[in-house]
Amino acid sequence: MAHKIDTIRKRSVFLHVRDNGISKKSNGFNLQLLEDSNLDNIILIGYIASKKIGKAVMRNKAKRIMRELARNVISKYGKLNTYYILIAKSSIFDIPFKNQKEDLQKLISWLWNI
């Protein structure tokens, strides 16, 4: 069952998740998450691609990859009332999309089985 997902747009929310949430690293990206019971049965997702990734074209490509990952994985396996933030690494372009999907699934299942 696909859950309703929305995008985080405010910097204060990114900082709140960074300071209070859980973080886990993968080969192509980092994942931060924070469970919040005040959300109305929704999953909020944020995407970060810093200038370390490259120029605007590369950052936009990294964000497109992460948005597709979120649509395929987090919408199915993510937990409601949770903030997720995907932070791109420069190696995101070198890893096949299929492997990135598997990595994200493993991260989400590992984080909820703590």
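Structure: above.
Keep in mind that what you see is a predicted model, and the values were worked out from it rather than measured. (Residues numbered from 1 in each chain as written. Predicted model: local features only at pLDDT ≥ 70, side-chain atom pairs only at ≥ 80, totals over all residues. Heavy atoms only, no water.)

## Here's the deal with the environment of Ile 22
Note that Ile 22 resides in strand 2 (residues 22-25). Of the residues examined, Ile 22 reaches a relative accessible area of 37% and is grouped as partly exposed. Taking the C-alpha atoms as reference, Ile 22 lies 5.4 Å from Leu 33; in sequence the two are 11 residues apart. (Helix = DSSP H or I, 4+ residues; strand = E, 2+ residues; numbered from the N terminus. Buried < 20%, exposed > 50% of the residue type's maximum accessible area, 1.4 Å probe, protein only.)

## Some details on the pairing of strand 3 (residues 29-35)
For strand 3, the buried fraction is high: 6 of the 7 residues fall into the buried class. For strand 2 and strand 3, the ladder comprises 4 bridges, and the chain directions are antiparallel. Bridging from a neighbouring strand, Lys 25 pairs with Asn 30 of strand 3. What sits between strand 2 and strand 3 in their antiparallel hairpin is a turn of 3 residues. Pairing geometry for strand 3 and strand 5 (residues 82-88), over 7 bridges, is antiparallel. Opposite Gln 32, over in strand 5, you have Ile 85 as the bridge partner. (Pairing = 2+ DSSP bridges.)

## What to know about the nonpolar core
Counting residues in hydrophobic clusters, the biggest one holds 23 residues, and the most contacted among them are Leu 31, Ile 74, Tyr 84, Leu 86 and Leu 104. Among the secondary structure elements, those contributing two or more residues to this core are strand 3, strand 4 (43-48), helix 2 (56-77), strand 5 and helix 3 (97-112). Counting 9 residues, the second-largest nonpolar core is a separate cluster that includes Ile 8, Leu 34, Ile 42 and Tyr 83. (Core = buried A, V, L, I, M, F, W, Y, C linked by side-chain atoms within 4.5 Å.)

## Topic: unusual backbone geometry
The phi angle at Asn 41 is positive, at roughly 50°, despite the residue not being glycine. By the secondary structure assignment, Asn 41 is in the loop between strand 3 and strand 4. We note that Asn 81 has phi near 60°; this positive angle belongs to a residue other than glycine. Of note, Asn 81 is situated in the loop between helix 2 and strand 5. Here Asn 81 falls in the buried class, since its relative accessible area comes to 16%.

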